[in-house]
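# Close look at the chain arrangement
Listed here are the chains, written in short residue letters.
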Amino acid sequence: MKSKYALRFVALGYLALLLGIPVALVFINAFQDGIGTAWNAVTTPEAQHAFWLTFIMVAVAVPLNTVFGVLCALAVVRQRFRGRALLNAMVDLPFAVSPVVVGLALLLVYGRRDGWIGPWLSEHGVQIIFSTPGMILATIFVSLPFVVREVIPVLREIGTEQEQAAATLGANGLQTFFRVTLPAIRWGVAYGVVLTIARALGEFGAVSVVSGKLSGRTETATLYVESRFQRFDETGAYAASVVLALLAFATLLAMNLIKPKEAQG
Amino acid sequence: MSRAFPISGDVLGRGVAMSYLSIVALIPLAAVVLKSVDGGADTFWSAVTTEQAVAALKVTLIASLIVVLVNAVLGTLIAWVLVRDEFPGKSIVNSLIDLPFALPTIVAGLTLLLFYGPESPVGVNVAFTRASIVLALLFVTLPFVVRAVQPVLLELDTEMEQAAESLGASKGTVFRRIVLPNLTPAIIAGAGLAFARAIGEFGSLVLITGNIPFKTQAASVFIYAQVESDNPIGAAAVSVVLLLAALVVLLIFGWFSKRALRHEE
């Protein structure tokens, strides 16, 4: 029985030293000059703009990746075509790519000076790099696989019997999808959406490369944390970190609420 | 297998999915690969063999290997405690395992800097040393092995273990001869994901490692520096090395996960 307590002690001790205490310290540091100071730090115009920009990233990337995720999962699970295995493998690629490489990749395509289509776009007045569209593309890239990965196992699990029954009864493809398939996979989609939101909110490296880090213009919440810290405004950095940490805890809560429902189907 | 959707919808759906994936991810990644060999194989080779690039790749690979080994041991231990042990607050600890995934990496780096940096309340300062790279990577890769091992351990029937114990096997022998062989595929699968994540990590390293060339500059930070100093070929060449390393590791991981599935059937 002694070994049981030893194992528990090692596991919990490791988690406390790696996660618990450091994260708690950010909260303590953010509020050490009072809640008012922390509140003022996250409500400056720059901070507000940074959180607004992060919201835009999420608002554009998440719906697009959700639609893609469901279409892609349907194609991989329900269809037979050449390139299906390749599609299934390629979807995971963003997991294997460093965020900095994602940023570099976008720069090489959309860069204004010597990107593939950047100069042409620039002539037509479209700026991707050092501007919001590039940052959105970076966010889409890094958060691409989550919905697909969550929906594929659920689709496999529910099988095709109900869809076939609906089709036999005269439902067309869209009716079958919206009234049979989608309700059956909704918790899988929801779980994938939560993961996508978390990834989109927290992206730093890829957005950093393509943003140009223009304070008050192309600075998302995570870039704001870095720039505040580099400028020795530690209260500003900690306060914004606390907001992001609270969003992370909300993510964990949502994951916990959705997971059991997904298991029930 | 009969189709639940009319053919036109099928083709449209997968057409949209494949186009989206290509535009968002595949074409930009192709740009990186092509850029890396823009000046021919010699230029590629000299770009990845500059002293600074080699140092950055070496530091990244060694730190990632250490992190994977620690994760394999402690991740398995944590999964064991979360499945086989009972203690108050267990479900909260279980949810917190996903925190490194939900927390933005820049915030992760900042929290670690607070506890393990120059102003550490316990006097442990690893900032700007190679140990800080290992620390940051341990934080961000924590969930992989735990979450891979947990479901396997939950499914594992304890009857075999009880039988072995009743025949006089010690706890250590039971774990080594019965539990561990069953967990190995999951441990390796989780370790593979952790490795792929570790070699590309950027955000959590930015603040705590100091990014000192030849000492604490990781590969992703090196790439970032090359982008900033307008050396896209150097950046792309090291990116390709990282990509290849991640893909090779994920292939090995895929092989093991398939083998594990075959065992179950």
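See above for the structure.
Now for a description of the structure that goes with this document. These numbers come from a predicted model, not from an experiment.

Quick look at the overall build of chain B now. A tally of regular secondary structure across chain B gives 12 helices and zero strands. Ordered by position from N to C terminus, the α and β elements of chain B give α-α-α-α-α-α-α-α-α-α-α-α. Counting only C-alpha atoms, chain B reaches 70 × 65 × 35 Å along its principal axes. Within chain B, the fraction of its 265 residues that count as buried is 48%. When contacts within chain B are restricted to residue pairs at least 6 apart in sequence, those whose partners lie at least 24 apart make up 80%.

The next subject is the interface of chain A and chain B. Between chain A and chain B, the contact holds 74 residues from the first and 69 residues from the second. Looking at which element gives the most residues to the side of chain A that touches chain B, the answer is helix α1 (residues 2–30) of chain A, with 17 residues. Residues belonging to the side of chain A that touches chain B are distributed by class as follows: 54 nonpolar, 15 polar and five charged.

A few words now on the packing of helix α13 (residues 221–230) of chain A against helix α6 (residues 105–116) of chain B. Close contact between α13 of chain A and α6 of chain B brings their axes to 8 Å; oriented N to C, the two are set at 35°. Across the interface between the two elements, Thr222, Val225, Glu226 and Phe229 of chain A of α13 of chain A pack against Ile106, Val107 and Leu110 of chain B of α6 of chain B. For the contact of α13 of chain A with α6 of chain B, the class distribution of residues is five nonpolar, one polar and one charged.

So, about the packing of helix α3 (residues 45–78) of chain A against helix α11 (residues 173–202) of chain A. Residues and elements named next belong to chain A. Contact geometry for α3 and α11: axes closest at 9 Å, N-to-C directions at 145°. In this structure, α3 crosses over α11, and the sense of that crossing is right-handed. Of the residues in α11, those in contact with Thr54, Met57, Val58, Ala61, Val62, Asn65, Thr66, Gly69 and Val70 of α3 are Val189, Gly192, Val193, Thr196, Ile197, Ala200 and Leu201. Grouping the amino acids of the contact of α3 with α11 by side-chain chemistry returns 10 nonpolar, six polar and no charged.

Attention now moves to unusual backbone geometry. For Phe232 of chain A, which is not glycine, the phi dihedral falls at a positive 65°. Phi is positive for Asn211 of chain B, close to 50°, though the residue is something other than glycine. Relative to the helices and strands, Asn211 of chain B is located in the loop between α10 (203–208) and α11 (219–228).

Rules used throughout
Each chain carries its own residue numbering, running from 1 in the written order of its sequence. For this description, chains carry letters from A and ligands carry numbers from 1, given in the order in which they are written. The predicted origin of the model limits local features to residues at a pLDDT of at least 70 and limits the giving and counting of side-chain atom pairs to 80 or more, whereas totals for whole chains, interfaces and linings rest on all residues. Numbering of helices and strands starts at the N terminus; helices are DSSP runs of H or I of at least 4 residues and strands are runs of E of at least 2. The burial label depends on the number of other C-beta atoms within 10 Å of a residue's C-beta. Counts of 20 or more mean buried, 12 or fewer mean exposed, and intermediate counts mean partly exposed, with C-beta atoms placed from the backbone. The contact criterion used here is simple: two residues whose C-beta atoms, placed from the backbone, lie within 7 Å are in contact. Classes in brief: Ala, Val, Leu, Ile, Met, Phe, Trp, Tyr, Cys and Pro nonpolar; Asp, Glu, Lys and Arg charged; the others, Gly included, polar. Here an angle of 0 to 180 degrees is reported between the N-to-C directions of two axes, which are lines fitted to C-alpha atoms, with helices fitted over the stretch in contact. Handedness of a crossing follows from how the near helix is turned relative to the far one, being left-handed for an anticlockwise turn of less than a right angle and right-handed for a clockwise one.

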